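Overview (structure and organization)
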Amino acid sequence: MPLPHRDSAQTASVLAALANEPAQWCHGYDLARQTGLKSGSLYPILIRLAERGLVTARWEEGQPAGRPRRHLYRLTDAGAAVAADRPARAAPARHGLAERTA
Amino acid sequence: MTGALTRVLLAVLPARRRAWGEAVLAELAAVPPGRPRRAWIAGALWLIARELVTLPRVALAAAAAACLRLGWAPGSTDPATPIQRVGLLAIVVLLAASPLLSRARGDLGAVADSRVARVVRAGGYAALWALLLVVICLSGYAGARFEHRSMTPANAAQWHSERVGGAVSGSLILFGVMAAYVAAILWLTSRRSPASPATLALGGAWGVMGGILLYALMPVGSPVLPATPAAVDRLLLGVGVVGVPIAAGVMVARRAATADDARAAGALAGLLTGGAGALALVILTIPTMLLFPSHVPLKWANPDPSVPHGTRFEREMSVGDAADKYMGFLLLGPLLGITLGVVGGALTIVEPRTDDPRPVI
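All values reported here derive from a predicted model rather than from experimental measurement.

Quick word on the overall build of chain B
Counting secondary structure elements, chain B contains 11 helices and zero strands. For chain B, the succession of helices and strands along the chain, N to C, is α-α-α-α-α-α-α-α-α-α-α. In terms of principal-axis extent, the alpha carbons of chain B reach across some 85 × 70 × 35 Å. Sorting the 361 residues of chain B into buried and exposed places 35% on the buried side. The contacts in chain B between residues at least 6 apart in sequence include a share of 80% that link residues at least 24 apart.

Okay, structure coming up:
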């Protein structure tokens, strides 16, 4: 039986931010604003969550004018279950919900 | 951040992380200019740095720095030292840059998809760094007789010329040997390698065991241990030098489908056995000589019986000369191993297989 994984408060805050609207795809900068995390902290967390199968990622469809395609993130079913299991540990979001992409 | 810098940073990231590097940089357009954008760039650089500064890379950098620090010999008055520094630098660059070839394609490129190949490649690299460290320590000990001593050569110009000439040829030979071992390790463990995991495992293991056997018989370069009869020592030496590569060739060749394949498999196993054995022998024996120089057989620096024997100069010279012969094993070992491995392959009776499509080599 696998041992329960102990997430940090920062990881929990990312899970909570993604769980706010689990059907939506989020940008990295949106997540950074919601959680108050710097990019150097946020992305290693996203990488670990993706490697654990809790977050899925994809590139924005189509080539937008004047900027590169952005990477989008969403909880998997397993990630949603983990996020729902530990709402109390999630750090409160420091910013309001930003732009989201369906 | 310029596009060129971005491309460079992304190119040096491991392939599995490149998309994440692109992802964090793709967000830049959405980040407001000024402090938030600078903070985002700093975070992106931190993310990339974390991926680049891995434990193997730190170990590699530490090994390179330690070898350069130990081998640089600041304040040396030996005319050979500047040349030896260039040679040392070239070898450090060679060893430090070799892992980059692991990303390349081709005969010297990415490591084969087997645990044995990864272990042999990593072990081979580690052994070459150890060999370089041994050479540096040997040079420091045996070369000390040319430093700050009251040595007054009869013909100073000729002595200077011989020292420089010897350093040039010695550095070139050592670099060539190192480059050959690097190439052999990369080739034998690459995806296009003709050597199967079994050949790598058997050849490497038999080689290391043979090297340890020879070291146990001659720990400081003496051909015979005083505690055992000479005939026994010679027999064991014969087993270590001749028997081990032949045995490795036979064991590997038994898996071959044809007589030609058996000889080829024997040659590969012999190459591995000879190379691994020579590395193990040199890496063990020379440090033992340096730790116990008084046990190394002395050579007369001056045959005049009125000149004192066993001086510090003589010890340094004796250790240096004995160790040079061992360095010759690095060239001789693989060549002898190939020859004896082919003999082992030729001695193997191959039964044609019709139902077993195993890899022949």
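Things to note about unusual backbone geometry
Residue and element names in this part refer to chain B. For Ala 73, which is not glycine, the phi torsion reads 55 degrees and is therefore positive. Secondary-structure assignment places Ala 73 in the loop between α4 (55–71) and α5 (81–97). Judged by local crowding, Ala 73 falls into the buried class, with 20 C-beta atoms found within 10 Å.

A few points about the sheet that holds strand β1 (residues 26–27) of chain A
Residue and element names in this part refer to chain A. Strand order in the open sheet formed by three strands is β1-β3-β2, with antiparallel pairing between adjacent strands. Taken across any chain shown, the strands that pair with only one partner, and hence form the sheet edges, are β1 and β2 (55–59). As defined by bridge partners, β1 adjoins strand β3 (residues 71–75) across two bridges and the pair is classed as antiparallel. Its bridge partner being in β3, Cys 26 is matched across the sheet by Tyr 73.

A word on the interface of chain B and chain A
When the parts of a complex come together, some accessible area is lost, and that lost area is often taken as the interface size. Every contact between the two is made by 16 residues of chain B and, on the other side, 14 residues of chain A. Those elements that provide at least two residues to the side of chain B that touches chain A are α2 (15–26) and α3 (35–52) of chain B. Ranked by residues supplied to the side of chain B that touches chain A, first place goes to α3 of chain B with eight residues. Of the residues assigned to the side of chain B that touches chain A, the class counts are 13 nonpolar, one polar and two charged.

Regarding the pairing of β3 of chain A
Residues and elements named next belong to chain A. Taking burial as the measure, the five residues of β3 include four buried ones, the bulk of the element. In this structure, β2 lies alongside β3, joined through five bridges in antiparallel fashion. Opposite Arg 58, over in β3, you have Leu 72 as the bridge partner.

Some thoughts on helix α8 (residues 197–217) of chain B
Residue and element names in this part refer to chain B. The terminal C-alpha atoms of α8 lie 30 Å apart, and with 21 residues this matches the ideal 30 Å at 1.5 Å per residue to within 8%. For α8, the complete set of buried residues consists of Thr 199, Leu 200, Ala 201, Leu 202, Gly 203, Gly 204, Trp 206, Gly 207, Gly 210, Gly 211 and Leu 214. In the core, the buried residues of α8 are packed alongside α6 (115–142), α7 (156–189), α9 (230–253) and α10 (259–291).

Examining the packing of α5 of chain B against α6 of chain B
Residue and element names in this part refer to chain B. In the contact formed by α5 and α6, the axes pass within 11 Å of each other and the chain directions differ by 170 degrees. The orientation of α5 relative to α6 falls into the category roughly antiparallel. Where α5 abuts α6, its residues Gln 84, Ile 91 and Leu 95 lie against Leu 128, Trp 129, Leu 132 and Ser 139. Residues that form the contact of α5 with α6 fall into these classes: five nonpolar, two polar and no charged.

Let's talk about the environment of Leu 340 of chain B
Residue and element names in this part refer to chain B. Relative to the elements of secondary structure, Leu 340 occurs in helix α11 (residues 312–347). Given 25 C-beta atoms within 10 Å, Leu 340 falls into the buried group. It is 7.6 Å that separates the C-alpha atoms of Leu 340 and Ala 267, two residues lying 73 residues apart in sequence. Those residues in contact with Leu 340 that sit more than four places away from it in its chain are Val 242, Pro 245, Ile 246, Gly 249 and Gly 270.

Considering the confidence of the model for chain A
Segments scoring low in pLDDT should not have their predicted coordinates read at a detailed level. Residues with a pLDDT of 70 or more make up 78% of chain A, whose mean pLDDT is 81. At the level of individual helices and strands, chain A shows its lowest average pLDDT in helix α4 (residues 77–85) of chain A, which scores 89, and its highest in β3 of chain A, which scores 94.

Observations concerning the nonpolar core
Judged by nonpolar contacts, the single largest core of 67 residues is most densely connected at Leu 128, Leu 132, Ala 265, Leu 268, Val 282 and Ala 323 of chain B. Elements represented by at least two residues in this core include exactly α5, α6, α7, α8, α9, α10 and α11 of chain B. Viewed by domain, this core spans two of them, domain 2 (55–147 + 159–193) and domain 3 (195–361) of chain B, each represented by three or more residues. Membership of the second largest hydrophobic core comes to 33 residues, among which are Ala 17 and Leu 72 of chain A together with Ala 44 and Leu 47 of chain B.

What counts as what
Residues numbered from 1 in each chain as written. Chains lettered and ligands numbered in written order. Predicted model: local features only at pLDDT ≥ 70, side-chain atom pairs only at ≥ 80, totals over all residues. Helix = DSSP H or I, 4+ residues; strand = E, 2+ residues; numbered from the N terminus. Buried ≥ 20, exposed ≤ 12 C-beta atoms within 10 Å, placed from the backbone. Contact = placed C-beta atoms within 7 Å. Pairing = 2+ DSSP bridges. Nonpolar A, V, L, I, M, F, W, Y, C, P; charged D, E, K, R; others polar. Expected span 1.5 Å × (residues − 1). Axes fitted to C-alpha atoms, helices over the stretch in contact; angles between N-to-C directions. Parallel < 35°, antiparallel > 145°, perpendicular 65-115°, else oblique. pLDDT = per-residue confidence, 0-100. Core = buried A, V, L, I, M, F, W, Y, C linked by C-beta atoms within 7 Å. Domains from an automatic or database assignment.

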